[in-house]
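# Survey of secondary and tertiary structure
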Amino acid sequence: MNWFYVEELKDHIGEEVELRGWVWNIRSSGKIHFIQFRDGTGFVQVVVESSSARPEVFESASKLRIESSVIVRGKVIEDKRSPYGVEIHATDVIPIQIPDEPYPISKKDHGIDFLMSYRHLWLRSRRQFHILKVRDAILMAIRHFYKARNFTLIDTPIFTGAIGETAENLFELDYFDYGKVYLTQTGQLYLEAACMAFGKVYNLGPTFRAEKSKTRRHLIEFWMHEAEVAYYEHEDNLRLQEELISYIVKYVLENAQDHLLALGRDTKKLQKVEVPFERITYDEAIKLLQKSGSNIQWGDDFGGDEETVIASNFEKPVFVTHYPRKVKAFYMQPDPKRPEVVRCADLLAPEGYGEIIGGSQRIHDYQLLLERLEEFNLPKEKYQWYLDLRKWGSVPHSGFGLGIERTVAWICGLEHIREAIPFARTLYRIYP
RNA sequence: UCCGGCGUAGCUCAACCGGUAGAGCGGGUGGCUGUUAACCACUAGGUUGGGGGUUCGAGUCCCUCCGCCGGAGCCA
C-alpha cells in the first residue's frame, strides 16, 4: 500500500492509503474510535469501528494516547460531517510509539510561560503549524521575487568586526587572538560591497541585537531580509520595497490562504495591499501626530505608539520619509535641498504592527562618509574596507532591511512576535 | 534598566473582611456506534514560588529574594 500525505488525500477518494503521523487527540464511544491524526501536511480524522475493523485493529486503536506516533492504513472516504471533507476508515492501526506519560500540552488553555518552555512540543499544535506555514510562504515569496528580478543572493557574515548601526546593542565575543568581534546587527555594509560587484543583491538571515527590549515587537535574535542596489536613488528604493511587500502579501494569499483563514485572519484587509503605497514626510507625520494630541516635537524619533497612530490613518503600509539625520544611522545620504534630513524611509505596517522596513539611500561620497564616521565616534580603521567602496567607482546606491518576524506577525495577525519564529530568543529565555 | 501586575493540583483558574484547599482539563477505572476542546459515573492528585515576620490563626497582611507577564526606552 502506498504512503500518502494528508494534503494529497482529496485526490485519492475511494482509494486504500497508508498514512504516517501522530495522534493529536482521540475520542471514543466504546465501539467506535475517532483518531484525530496529523502528519505535518494537514489534519484528518481516522475512524475505527468495531463492527467493521478486525478485533486486533480495534484493540490497538484503543491503546493510542495523545501524541502517539502511528501508521494508519485505510480507505479515503468523502464525508460532509468532517471539517476536512474526507476521513479515513481504518483497516490497520500500527502504533510506532505510545507515550508512557501524559502529553504536557492539553486541550485547554495554557499560559505563555508554560508554552514557551514547551516550544519543542508546542510546534505540533495547529495554530503554530499554520503560523509557521505562513512564515515559510513569506520566505519563499522573497526568494521568488528576487529570482524574477535577477538579483544575486549574497550571504553576509554573522561575525563582524565593524559595527552596523550603533555601538550599543552589540553581542561581543572573543575571536581567538583577534580580540573582540560582534554578532551581526545587519548585513547592509557587506551588501553595499556586493552591490558594487553584482549590481543588485539581497540577503536573508539571522541578526542579533543585545537590546533589553520587552515588547510584543522585539526579539533578541530575528531574521532580516536586506536588499541593496547600485545606481538606485531614494525613489527607486521605495518602489522596490512596495513591489516586494505587495508581492509577498499576494503570494501568501494565493499559496497559504487556508493557513490564514485557520488563524482567523481577515484576508480582506490584506487584499488591499497593492502598489502604490502612500508616502508622507517626517514633517507631515509630526503634524499628523500633533493634530492627534501628541506633544511630539520636530527632531524626536517615533515610538511604538506614534507609529500606530500614523499607520491607523492608512489601510495599507505607509512610507514615512526624510527623517532628521540626527535620529538615523551614520551612512544615510543627506537630502541635497535640506541637509538636516536624510533620504530614508520607514515602512509602517497597518493595524499597529509598526515598522517592518527601514531603508535609505547611502552616502557615496568618501569625504562625507569619513566625517560621519568621526561624528559618530566609530573607529576609522575597522571601516577602511567600507570607505574603499567610495574610492573606486563609487555610485549612488540604496537599500533596506525587512524584519521577517514583524512581517509574519502582521500578515498572520498575531498578538506577539514570539510566535512568528520557530524558537524565539527573548530577553530571558534561551530554552528550548 | 525603569514602571505596573502575577505566582494555589501536571495545566488553566477559584477560595468574600485573615477562620483551616476547590472546579474544569489532563491521569486511572467503568460506560457509550458519529464524536468535533465529545459526553456520563467513580477515583487518585497540594510544604499555596523560597526565606523571614505580624497574629490565637496566613493562600490572604508586611519585608525580602527568585521566576514570569505587560508596558516604556531602543529598534526590524
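Residues numbered from 1 in each chain as written. Chains lettered and ligands numbered in written order. Predicted model: local features only at pLDDT ≥ 70, side-chain atom pairs only at ≥ 80, totals over all residues. Heavy atoms only, no water.

Here we take up the overall build of chain A. For chain A, the count of helices and strands is 13 helices and 17 strands. Referenced to the eigenvectors of the C-alpha coordinate spread, the extents of chain A come out at roughly 85 × 55 × 40 Å. As displayed, chain A offers around 21100 Å² of accessible surface, 50% of which is attributable to carbon and sulfur atoms. For chain A, the distance from the average position of its 56 positive side-chain charges to the average position of its 63 negative side-chain charges is 3 Å. (Helix = DSSP H or I, 4+ residues; strand = E, 2+ residues; numbered from the N terminus. Areas by Shrake-Rupley, 256 points an atom, 1.4 Å probe, with all protein chains shown as cover. Lys, Arg positive; Asp, Glu negative; His and termini not counted. Charge placed at Lys NZ, Arg CZ, Asp CG, Glu CD.)

Moving on, we come to the protein's contact with RNA strand B. The environment of RNA strand B is made up of 53 residues, and the closest members are Asn25, Arg27, Lys107, Arg216 and Arg406. When atoms of RNA strand B within 4 Å of the protein are sorted by moiety, sugar and phosphate together comprise 49%. Interatomic distance of 3.2 Å between a backbone N/O atom of Lys214 and a base oxygen of RNA strand B. Measuring from a sugar or linking oxygen of RNA strand B, one finds a backbone N or O atom of Glu355 at 2.6 Å. Put simply, the parts of the chain that give the surface near RNA strand B at least two residues each are β2 (16-28), β3 (32-38), β4 (43-49), β6 (86-97), α2 (112-117), β12 (221-230), α10 (304-311) and β16 (354-362). No other element matches the four residues that β16 contributes to the surface near RNA strand B. Classifying every residue of the surface near RNA strand B gives twelve nonpolar, 16 polar and 25 charged. (Near = heavy atom within 4 Å. Polar contact = N/O pair within 3.5 Å; in protein donor to acceptor, adjacent residues only side chain to side chain. Nonpolar A, V, L, I, M, F, W, Y, C, P; charged D, E, K, R; others polar.)

Glancing now at helix α5 (residues 188-198). Residue pairs spaced three or four apart in an α-helix point in one direction, given the helix's 3.6 residues per turn. Along α5, the residues classified as buried are Gln188, Leu189, Leu191, Glu192, Ala194 and Cys195. Of the surrounding elements, those touching the buried residues of α5 are β11 (200-208), β12, β16, α12 (384-388) and β17 (397-403). Residue Gly199 follows α5 closely and has a positive phi angle near 80°. (Buried < 20%, exposed > 50% of the residue type's maximum accessible area, 1.4 Å probe, protein only. Contact = heavy atoms within 4.5 Å.)

Partitioning chain A into domains gives domain 1 (3-97) and domain 2 (119-420). Once you take the C-alpha centre of each, domain 1 and domain 2 turn out to be 45 Å apart. At the junction of the two partners, domain 1 supplies eight residues and domain 2 supplies five residues. Between domain 1 and domain 2, roughly 540 Å² of surface is buried when both sides are summed, and carbon and sulfur atoms account for 59% of that area. Across the domain 1-domain 2 interface, the total number found is one salt bridge. As a salt-bridge pair, Arg124 and Glu67 come within 2.8 Å of each other at their nearest N and O atoms. Our count for the contact surface shared by domain 1 and domain 2 stands at one residue pair in polar contact (both at pLDDT 80 or more). For the side of domain 1 that touches domain 2, the class distribution of residues is three nonpolar, three polar and two charged. (Domains from an automatic or database assignment. Buried area = accessible area lost by both parts, 1.4 Å probe. Salt bridge = Lys/Arg side-chain N within 4 Å of Asp/Glu carboxyl O.)

Let us look at unusual backbone geometry. The residue after Val275, namely Pro276, is reached through a cis peptide bond having omega -5°. With respect to the helices and strands, the residue Pro276 is situated in the loop between α8 (267-271) and β13 (278-281). Of the consecutive residues Tyr431 and Pro432, the connecting peptide bond is found in the cis state with omega at 0°. Note that Pro432 resides in the segment after α13 (404-412). Despite not being glycine, Tyr231 has its phi angle at roughly 70°, a positive value. Relative accessible area serves as the criterion here: at 62%, Tyr231 is assigned to the exposed category.

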